[in-house]
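Read off the chains here:
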Amino acid sequence: MAGDLHLIPFVIGVTGHRDVAAESIPLLEESAGAVLSGLRKRMPSTPFLLLSGFAPCADQIVARVALKHGAAVAAVLPMPRETYRATMERPGRDGFDELLPQASLVIDLELVEGVSEQSLRQSEAHRALQDEALGRFLARYCQAAVALWDGEKGGIGDTASVVEMIHEVGREVFRIVTPREGQPPPRLPAGTIVPPDTADTSEAHVAGSRLEALNRAAGREINRGCPPYGGLLPAAEKIDLPEFERRVAQAFWAADQSSMLFGKSTKATFAKLLVLAFLAVASFEVYAHLFHDRHLLWFLYPVALFAAWVIHRRARKREVEVLYLECRSLAEALRTQFFWSLAGIRRSVADAYLEHHCAELEWIRVALRNVWLYSWQGHNPVLRGIELAREHWVKHQANWFAGVAKKQKKTQDRVETLSELFLWAVFIFSIVAPTYLLLAAPGHETAQNRHGVLILLVTLPSLAVGLLRVWVERQGYAEQARAYHQMAEVFKKRIDGEEKTLEELGVEALEENGDWLLLHRDRPLRVIGST
């Protein structure tokens, strides 16, 4: 995954028995491969990251299959590796030694309170507590899990309890029926895949589909080349960033470019809807007031409305507006993550972002947690990190928000002036037109035609002004100008801040960004006139 730093992975956990019946292993490998292939069909553009404890049997079986399928594998070790290795029998130790060098990432979990390395060597109960900690970690970070499980309940930290933890947070669990050595065979044949209950996996499906849409768009944009540091720092800085910061910077750039792509598509869609609305009404008015015998003009009205409905439905199906808003929010959260890390603030933005809001936004927190996983590789402080964060985050954002606020206000004023000019023109013409008609000879065909033209010259500009007002309201220039001005003030107050101040600024920026997202989600793209 070294060349895919801009892509955000879909994270898969694995849990299962350590005493798998040897004769069933080929069937289990085949089934695990089928699960991964099924997920790959759903997400062809998204890299996979498997979280495995590398325990004997189940963990190692799925890790080998994942590597064969091109997935990256992270070793999540529930205890210090030498202690952990000492708890395994010979075949398990050999598998552990074989797989550990192939891990893209090694995550050493902290010991549970009251547990020590010495107690782990002596106490099965303490080892179970660490296995339970591993289960909690999988439940927090994975979006799907593969469970090599016979379906029977057990004790603390066993497969059944881990599966229950993952179920509780609404993640997909693909159970593969697994016989155990010395135990009665399961009711279903070995290797049978029991698919997840769809009622419990809506959040997981949303996370997967959103990550796929983001990564697919990012894959197209990466061909144009990613600027140094994802555009978050100028190329002239010549900084050797640690891998985590490079990954966050490139993920920011991908989300930023994807949001622009979806944003252009959203604006184009809305513009088409306005044009078709104008065409529908204009065609009917021309037929009614000018060309009574051109009946085909009447058909332009339903044709234009139908075309608008098709365009709107297609945009809704592709979710371009939702993806624009959510990718924009993800990019801003990743910006905060980058500069927090640069300044030495070791905190995940996922813990401070929209934590009390609707479930459909969970995928943004999922994406942020998936990126944060790579922070476990360790952190090398960046020279002048706080200074760089102040200069290229706080000062840059203060100036950017101030500039955009002025631009939005100027655009708002310009559109308001244009609307007023149109309205005054229509008002004056609405007085001139009937005056002219009073002076025209009644009943004359030319006079009747002029009558129709004059009516159109009043109604169609009025319609155009109304649609222009709809555009202005939809774009929210005034609201955005106020919000940008407020954000500029927030950043200006923190320009000389130290590490703690930068952390508080990040939280405040995340809250403002979350409010912006929720405001615009309440104003979805609609066909003109619909509710």
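Here the residue numbers are simple positions, counted from 1 along each chain's written sequence. Per-residue local features of the predicted model are confined to residues with pLDDT of at least 70, and side-chain atom pairs are confined, for both listing and counting, to 80 or more; whole-chain, interface and lining totals are unaffected and use all residues. Based on all heavy atoms of the structure, the side-chain values leave hydrogens and waters out of the count.

**As for the sheet that holds strand E1 (residues 10-16)**
Phase 1: Any two strands are treated as partners once DSSP identifies two or more bridges connecting them. For helices the rule is a DSSP run of H or I covering at least 4 residues; for strands it is a run of E covering at least 2, with both sets numbered from the N terminus onward. Taken in spatial order, the seven strands line up as E4-E3-E2-E1-E5-E6-E7 in an open sheet, and their pairing is mixed. Of all strands in the sheet, those with a lone pairing partner are strand E4 (105-108) and strand E7 (193-194), marking the two edges.
Phase 2: Where E1 meets strand E5 (residues 144-149), five bridges bridge the pair, whose relative direction is parallel. Its bridge partner being in E5, Thr-15 is matched across the sheet by Ala-147.

**Digging into the packing of helix H9 (residues 243-289) against helix H10 (residues 296-318)**
Phase 1: Lines fitted to C-alpha atoms define the axes, with helix axes restricted to the stretch in contact, and inter-axis angles between N-to-C directions lie between 0 and 180 degrees. Two numbers describe how H9 lies on H10: the axes approach to 7 Å, and their chain directions differ by 165°. The angle between H9 and H10 places the two elements in the roughly antiparallel class. Relative to H10, H9 is oriented so that their crossing is left-handed. Across the interface between the two elements, Ser-265, Thr-269, Lys-272, Leu-273, Leu-276, Leu-279, Ala-280, Val-281, Ser-283, Phe-284, Val-286 and Tyr-287 of H9 pack against Leu-297, Trp-298, Leu-300, Tyr-301, Ala-304, Leu-305, Ala-307, Ala-308, Ile-311, His-312, Ala-315 and Arg-318 of H10. Angular relationships are summarised with four words: roughly parallel below 35 degrees, roughly antiparallel beyond 145, roughly perpendicular across 65 to 115, and oblique for the angles in between. By definition, turning the near helix anticlockwise from the far helix through less than a right angle yields a left-handed crossing, and turning it clockwise yields a right-handed one. We call two residues in contact whenever any of their non-hydrogen atoms come within 4.5 Å of each other.

**Quick notes on helix H12 (residues 362-372)**
Phase 1: Between buried and exposed lies partly exposed: a residue is buried under 20% and exposed over 50% of the maximum accessible area for its type, with that area taken using a 1.4 Å probe on protein chains only. Counting buried positions along H12 gives eleven out of eleven residues, so the element sits mostly inside the fold.
Phase 2: Every buried residue belonging to H12 is among Glu-362, Trp-363, Ile-364, Arg-365, Val-366, Ala-367, Leu-368, Arg-369, Asn-370, Val-371 and Trp-372, and all of these are buried.

**Comments concerning a nonpolar patch on the surface**
Phase 1: Surface patches are defined over residues having more than 30% relative accessible area and no salt bridge, joining like charges when they lie within 9 Å and nonpolar side chains (Val, Leu, Ile, Met, Phe, Trp, Tyr) when within 5 Å. Each accessible area is a Shrake-Rupley result for a 1.4 Å probe, and residues are judged covered by the shown protein chains and nothing else. Take a side-chain nitrogen of Lys or Arg and a carboxyl oxygen of Asp or Glu: if they are within 4 Å of each other, that pair is a salt bridge. A contiguous nonpolar surface patch, about 530 Å² in accessible area, is contributed by Trp-424, Phe-427, Ile-428, Ile-431 and Val-432.
Phase 2: Mapped onto the fold, Ile-431 is located in helix H13 (residues 385-439).

**Some details on the pairing of E4**
Phase 1: Residues of E4 alternate between two faces, with Leu-105 and Ile-107 buried on one and Val-106 and Asp-108 left unburied on the opposite face.
Phase 2: Where strand E3 (residues 72-77) meets E4, four bridges bridge the pair, whose relative direction is parallel. What sits directly across from Val-76, in E4, is Ile-107.

**Observations regarding the environment of Asp-108**
Phase 1: Relative to the helices and strands, Asp-108 resides in strand E4.
Phase 2: Measuring from C-alpha to C-alpha, the distance between Asp-108 and Pro-80 comes to 7.0 Å, with 28 residues separating the pair along the chain.

**Regarding the environment of Leu-388**
Phase 1: Assignment of secondary structure puts Leu-388 in helix H13.
Phase 2: Sequence separation between Leu-388 and Leu-342 is 46 residues; the distance between their C-alpha atoms is 7.7 Å.

**Overview of the packing of helix H2 (residues 58-68) against helix H4 (residues 90-99)**
Packed helices, taken two at a time, are described by the angle between their axes plus the distance between the axes.
Phase 1: Look at H2 against H4: their axes get within 11 Å of each other, and the N-to-C directions meet at 30°. Regarding the angle of H2 to H4, the classification is roughly parallel. Judged by the sense of rotation from one axis to the other, the crossing of H2 with H4 is left-handed. Together, Gln-60, Ala-63, Arg-64 and Leu-67 of H2 and Pro-91, Gly-92, Gly-95, Phe-96, Glu-98 and Leu-99 of H4 make up the contact between the two elements.
Phase 2: Only Asp, Glu, Lys and Arg are considered charged, only Ala, Val, Leu, Ile, Met, Phe, Trp, Tyr, Cys and Pro nonpolar, and every remaining residue, Gly among them, polar. Grouping the amino acids of the contact of H2 with H4 by side-chain chemistry returns five nonpolar, three polar and two charged.

**What about a positive patch on the surface?**
Phase 1: Residues counted as positive are Lys and Arg, residues counted as negative are Asp and Glu, and His and the chain ends are not counted. Note that the charge is assigned to NZ on lysines, CZ on arginines, CG on aspartates and CD on glutamates. Together, Arg-220, Lys-272, Arg-314 and Arg-318 give the surface a local cluster of positive charge.
Phase 2: Looking at the secondary structure, you find Lys-272 in helix H9.
Phase 3: Since its relative accessible area comes to 46%, Lys-272 is described here as partly exposed.

**Topic: the packing of aromatic side chains**
Phase 1: Ring pairs shown here join Phe, Tyr and Trp side chains whose ring centres sit within 6.5 Å, with only the six-membered ring taken for Trp; geometry is labelled stacked below 30 degrees between planes, edge-to-face above 60, and tilted in between. Under the defined criterion, the tally for this structure stands at 13 aromatic pairs.
Phase 2: Residues Trp-393 and Phe-491 carry aromatic rings whose centres are separated by 6.0 Å and whose planes lie at 75° to one another, so their mutual orientation is edge-to-face. Linking Trp-393 in helix H13 with Phe-491 in helix H15 (residues 477-492), this pair joins segments that are 98 residues apart in sequence. Here the two residues Trp-393 and Phe-491 agree in accessibility, since each one is buried.
Phase 3: Relative to Phe-401, the ring of Trp-400 lies with its centre 5.1 Å away and its plane at 80°, an arrangement referred to as edge-to-face.
Phase 4: A relative accessible area of 40% means that Trp-400 is categorised as partly exposed.
Phase 5: Through a chain of ring-to-ring contacts, the aromatic side chains of Phe-338, Phe-339, Trp-393, Trp-400, Phe-401 and Phe-491 assemble into a single cluster.
Phase 6: The ring of Phe-48 has Arg-40 sitting right over it, with the charged end atom 3.9 Å from the ring centre.
Phase 7: Lysine NZ or arginine CZ positioned within 6 Å of the ring centre and within 35 degrees of the ring normal marks a charge as sitting over the ring. The ring of Trp-149 has Arg-175 sitting right over it, with the charged end atom 5.6 Å from the ring centre.

All we've got here are geometric facts, nothing functional implied.
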